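Structural overview for review
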Amino acid sequence: MENLRARLQKIPPLWWQAGLLVLAVLLPLPLNDYYRAVLWRTGIYAILGLSLNIIVGYAGLFQLGHAAFYALGAYTSALLNLHFHIPLVLTWPISILVAAFFGYLISRPILHLRGDYLCIVTIAFGEVVRLALVNNIFGITGGANGLSGIDQTVLFGLTLRTPLHHYYLVLFFLVLTLFAVRRLENSRLGRAWMYVREDETAAEAMGVDTTWAKLLAFVLGSGWAGLAGALYVARIPVVSPDLARFIESVVMFCIVVLGGTGSIPGVFVGTLGMITLPEIFRFLKTWRDAWMGVAMVAMMIARPEGLWPSRRIRMEIREKE
Amino acid sequence: MALLEIHDLTKQFGGLTAVDRVSFSLDEGEILGLIGPNGAGKTTIFNLITGIYTPTYGEIFFNGHRIAHPPLGARKFITPVWWLQWVPARSVRERWDQLRTLRPHEVTELGIARTFQTIRLFKNMTVLENVMAGVHHRTRAGVWGAIFRPPAQREEEAFIVKEAEQHIHFMGLSDYRDELAKNLPYGHQRRLEIARALAARPRLLILDEPAAGLNEQETLELMDLIRQIRDSGITILLIEHDMKVVMGICERIVVLDYGKKIAEGTPEEVQRNPRVIQAYLGEEEV
């Protein structure tokens, strides 16, 4: 991995970025629809991973209820389409806003909590959202069965029908997300997140409004998870409370940690490990999850900083040992 | 008018009174030393000034602003402005600003910067990035600026780097610009902390034991630097155990013992004060 990275760094960034993009565009063409759907799922979870990475990786806040925002985005999109017949495309910005708003509501009172305490509150919030959806809150969420009968996505007069269409839609948003998070990382705000993660007291004493920084991380991350939810609805016309299951949050958390907290390539490695590989190894049936667990335990012992860690986080973790 | 005024400052942690009715003031352009045996409450006073703690009793004024006073606590519920603080009217905002307690970053914005007794650098960031933290509160770019990078944001980034480099140069750390903070020798880490605080362009610089762990030569250089900082128009408040430093650069000294102020005056006066001698050498057995 070290050699690979060293070699990648020698190539001008624009070349390998363009190369990866071309690869991502061409990749589904020789595959059948099943694997195209797997790629679509990989894309969705990569977006979720990148959004969670803002919260967990950059700002260093433990968030184990990310699936709740994913579900909120999906339900917002579905409900607006079912009740007001708003085309799905137009519901996407609203999904982002609703998820971001809930991100604000939940994080505002709990931001002063640190580490494990914050983690517990976010788990609880995730469960509250799931149970509210199961219990058919306000009579609009359809209970445990969820909602169905959502329209197909029409984009500029083109109806998106095949997995290939949806893959390209998700790919477009994935590239957009990548562009945005890379720029966020190397900005005044990105540095503020790093200061908070490294030493909150010192950051505060230097004039960094830590509440502002953490709140923005939470709101941006939650809002973007809402978009991933809306993209899910764009292909699957059925939403159910299963989207907000705790295990979903755990999978997203693992995506971020497995590849390397705070590292963008790490999120992709994590997505491959948590989403793509289990799909490919489906023939192993029930043994699959057991091997998955063994692999993760082994990895945490051998490489606690993740498979493709960011330089800085690796140093932070090695230091604590 | 004094730059910093402390009135009857008291801080209790449970049953322990760490700071007990301490009052003193600090004039513009002065170097004031705060000394006392271990556990006398010096660092607690620093934390009260910078907003990390809130006082149990008493007030602190900085440049005419009341920067510290006891928090409202449950009394906020019977305070009309607390209920009205969401109203976007200027008069409400101002009234509420007087009642609420300031957060540390707001104190820094008003012009107080500090260093820490145990070095608290951002260890895994470079020297430049560390000093850039000080410029943070004087710049404004947010999410929009980060993603779209309009010309204003790019100018601001250049400004941040320029400002940071200037302070790195002043503290003589130019050779280490891109080195990680944790790889710096100890003495340089102390300097980096001061550079980071100076980058916040404070009017008052608070130094918590800046000479701790430095050798003779480094201590002399530090004393020289502190004088230079003062000559550039920054008022300095420092805690120091090294009496050579305190007596050498401070114009006035406040002595604390068990949270109480026991003496105040010029170095000569303080050195002669029997209560100070007693506090440092212990009670005489009768």
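All of these numbers come straight from a predicted model, not from anything done at the bench.

What counts as what
For every chain, the first residue of the written sequence is number 1, and numbering continues from 1 along that sequence. Key to labels: chains lettered from A, ligands numbered from 1, both in the order written. In keeping with the model being predicted, local features are shown solely for residues with a pLDDT of at least 70 and side-chain atom pairs are shown and tallied solely at 80 or more, while totals for entire chains, interfaces and linings include all residues. Strands qualify as paired when DSSP identifies two bridges or more between them. Each helix is a run of H or I in the DSSP string that is no shorter than four residues. Each strand is a run of E no shorter than two, and both are numbered from the N terminus. Only C-alpha atoms enter the line fits that serve as axes; for helices the fit covers just the stretch in contact. Angles between N-to-C directions range over 0 to 180 degrees. Remark: residues whose backbone-derived C-beta atoms lie within 7 Å of one another are considered to be in contact. When residue character is reported, Ala, Val, Leu, Ile, Met, Phe, Trp, Tyr, Cys and Pro are called nonpolar, Asp, Glu, Lys and Arg charged, and the others, Gly included, polar. For classification, angles of less than 35 degrees are called roughly parallel, those exceeding 145 degrees roughly antiparallel, those between 65 and 115 degrees roughly perpendicular, and all remaining angles oblique. Take the far helix as your reference; a near helix turned counterclockwise from it by less than a right angle gives a left-handed crossing, and one turned clockwise gives a right-handed crossing.

1. Some details on the sheet that holds strand 10 (residues 260-265) of chain B
Residues and elements named next belong to chain B. Ordered in space as 6-7-8-3-9-10, the 6 strands form an open sheet in which the pairing is mixed. A strand with exactly one partner marks an edge of an open sheet, and here the two such strands are strand 6 (112-114) and strand 10. Neighbour-to-neighbour, the strand axes of this sheet turn through a mean angle of 20°, independent of strand direction. In this sheet, strand 9 (residues 252-257) lies alongside strand 3 (residues 31-35) in parallel orientation, the contact comprising 4 bridges. Each bridged residue has a counterpart across the sheet, and for Gly 33 the counterpart in strand 9 is Ile 253. Together, strand 3, strand 6, strand 7 (204-208), strand 8 (235-239) and strand 9 form the strand contacts of helix 1 (residues 42-49), whose direction differs from that of strand 7 by roughly 145°. Here helix 12 (residues 274-281) sits on the sheet and contacts strand 9 and strand 10; the angle it forms with strand 10, its principal contact strand, is near 125°.

2. So, the interface of chain B and chain A
The partner chain A presents 27 residues to the 28 residues of chain B that form the contact. Breaking the side of chain B that touches chain A down by element, the ones donating at least two residues are helix 4 (104-110), helix 5 (127-135) and helix 6 (143-148) of chain B. Classifying every residue of the side of chain B that touches chain A gives 12 nonpolar, 9 polar and 7 charged.

3. Topic: the packing of helix 3 (residues 33-58) of chain A against helix 7 (residues 163-185) of chain A
All names here are of chain A. Contact geometry of helix 3 with helix 7 gives a least axis separation of 9 Å together with a crossing angle of 20°. Taken together, the axes of helix 3 and helix 7 are roughly parallel relative to one another. Where helix 3 crosses over helix 7, the two elements pack in a sense that is left-handed. Across the interface between the two elements, Asp 33, Arg 36, Ala 37, Leu 39, Trp 40, Gly 43, Ile 44, Ala 46, Ile 47, Leu 50, Ile 54 and Tyr 58 of helix 3 pack against Pro 163, Leu 164, His 166, Tyr 167, Val 170, Leu 171, Phe 173, Leu 174, Thr 177, Val 181 and Glu 185 of helix 7. Class assignment of the residues belonging to the contact of helix 3 with helix 7 gives a composition of 17 nonpolar, 3 polar and 3 charged.

4. Points about the pairing of strand 1 (residues 4-13) of chain B
Residue and element names in this part refer to chain B. Two strands pair when backbone bridges link them, and strand 1 and strand 4 (residues 57-62) are joined in this way by 5 bridges, in the antiparallel orientation. Note that in strand 4 the partner of His 7 across the bridge is Glu 59. Sheet analysis places strand 1 next to strand 2 (residues 16-26), joined by 7 bridges and oriented antiparallel. By the bridge assignment for strand 2, Ile 6 is matched with Phe 24. Count of turn residues in the strand 1/strand 2 antiparallel hairpin: 2 residues, of which Gly 14 carries a positive phi of about 60°.

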